[in-house]
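# Understanding the architecture of this molecule
Here are the chains, one letter per residue:
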Amino acid sequence: MIQTILITGANGQLGKCLRDISSVFSEQFRFKFTDVAELDITDKQAVLEEARSIGADFIVNAAAYTAVDKAESDVEKAYLLNETAVKNLAEVAATTGAMLVHISTDYVFDGKSAIPYTPEMRPNPVSVYGKSKWAGEVAIHNSGCRAAIIRTAWLYSAYGNNFVKTMLRLGATKDSISVVNDQIGCPTLAADLAKFIMQVIVNNEIVKQVETYHFANKGKISWYDFACKVMELAQSHNAKSCPVAPIPTSQYPTPARRPNYSVFDLSKAANDFHFDIPDWETSLAQEFPRILHNFQNDIR
């Protein structure tokens, strides 16, 4: 029997990557892709009616308020999308019997750990964005629904705006740039996250109540390391690049505090779903021609 997956935030990076791979699963699943124009997830009744009308077996929430710095002054909207909307989706999932797959963030942690964060470690968010995303997770736990919460970090793709495209833009327009070298984390290719989400759905019987997973590409680097690799790849693909200088976070103040260390322990995600997680350099190198192509089309 074909099951139905309702996807929110379908026009974002992750949503578009889920669209890309949906045809692979067309014999098992029917996909309903929605963004704000098709479904307002802050309206619980609208969510309930949509879930019932399509007979949703799974709800994948790829929607979020992600403007980290803007959230510091736009608190109400951050909580509306990252807590209230998530509560709506979770309560609808509990009512209809659908399973929720919700995407969360490394920003639920304060970045003070000296070892990779496991899903069981206690969150302590230090920004409005992080606090609102943690509030969304709490709402899921309180809803009674069956859910997989997947925390990810440093997401990038060939779509939308992200760090890789920003570096390409700066490389094409600047003589040199400075990038922080004391924030350490794990980049995540959105296409890899999309594949993992589908692995969770296909093997959903593993998730009994609410389970939290950490997913990123393997390896830990600084934003400076990431920028250097992007410039190196740009050069090798005959695109413009520029030198990158390392600076401490103190020289690049932002409205929101970032976790200085947000390296994930990926073993639960890899082991529970027998998923071979690629390392960050491999995924970046494989996706780079597509990212560069889309970037060059964007600026034409």
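Our subject is the structure listed above.
Residues numbered from 1 in each chain as written. Predicted model: local features only at pLDDT ≥ 70, side-chain atom pairs only at ≥ 80, totals over all residues. Heavy atoms only, no water.

## Comments concerning the overall build of the protein
The number of helices and strands found in the protein is 9 helices and 12 strands. Overall, the C-alpha framework of the protein stretches about 55 × 40 × 35 Å when taken along its three principal axes. Looking at the protein as a whole, 53% of its 300 residues are labelled buried. Within the protein, contacts between residues at least 6 apart in sequence are counted, and of these 84% link residues at least 24 apart. Split by element, the accessible area of the protein, about 13,400 Å² in all, is 48% carbon and sulfur. (Helix = DSSP H or I, 4+ residues; strand = E, 2+ residues; numbered from the N terminus. Buried < 20%, exposed > 50% of the residue type's maximum accessible area, 1.4 Å probe, protein only. Contact = heavy atoms within 4.5 Å. Areas by Shrake-Rupley, 256 points an atom, 1.4 Å probe, with all protein chains shown as cover.)

## Some remarks on the sheet that holds strand β2 (residues 29–33)
Overall, parallel pairing links the 6 strands, which are arranged β2-β1-β3-β4-β5-β10 in an open sheet. Two strands close off the open sheet at either side, each with one partner strand: β2 and β10 (210–214). Neighbouring strand axes in the sheet, compared pairwise and without regard to direction, differ in orientation by 20° on average. Pairing between strand β4 (residues 99–105) and strand β5 (residues 146–152): 7 bridges, direction parallel. Along β5, the bridge assignment pairs methionine 99 with arginine 146. Sheet contacts for helix α6 (residues 190–202): β1 (3–8), β2, β3 (58–61), β4, β5 and β10; angle to β5, the most-contacted strand, approximately 160°. (Pairing = 2+ DSSP bridges. Axes fitted to C-alpha atoms, helices over the stretch in contact; angles between N-to-C directions.)

## Focus on helix α3 (residues 75–96)
End to end, α3 covers 30 Å across 22 residues, agreeing with the expected 32 Å (1.5 Å per residue, within 8%). Along its length, α3 shows its largest kink, about 30°, at leucine 81. When α3 is considered as a whole, its buried residues turn out to be Ala78, Asn82, Ala85, Val86, Asn88, Leu89, Ala90, Val92 and Ala93. Once α3 finishes, glycine 97 follows within two positions and takes phi at roughly 85°, a positive value. (Expected span 1.5 Å × (residues − 1). Bend = angle between axes of the 7 residues up to and from the residue.)

## Overview of the nonpolar core
The tendency in soluble globular proteins is for nonpolar side chains to be buried side by side. Of all hydrophobic cores here, the largest spans 76 residues; its most connected members are Ile197 and Phe226. The greatest single-element share of this core, amounting to 9 residues, is contributed by α6. With sequence-adjacent residues up to four places away left out, phenylalanine 226 is seen in contact with Trp154, Tyr156, Phe163, Val164, Pro187, Ile221, Trp280 and Leu284. Ranked by size, the runner-up nonpolar core spans 22 residues in total, among them Ala56, Ala85, Ala98 and Ile140. (Core = buried A, V, L, I, M, F, W, Y, C linked by side-chain atoms within 4.5 Å.)

## Describing the packing of helix α1 (residues 13–22) against α6
Close contact between α1 and α6 brings their axes to 8 Å; oriented N to C, the two are set at 60°. Both α1 and α6 take part in a crossing whose hand is right-handed. Seen from α1, the contacting residues are Gln13, Leu14, Cys17, Leu18 and Ile21; seen from α6, they are Ala190, Ala191, Leu193, Ala194, Lys195, Ile197 and Met198. When its residues are assigned to classes, the contact of α1 with α6 shows 10 nonpolar, 1 polar and 1 charged. (Left-handed = near helix turned anticlockwise from the far one by under 90°. Nonpolar A, V, L, I, M, F, W, Y, C, P; charged D, E, K, R; others polar.)

Interpretation in functional terms is not warranted from these geometric data alone.
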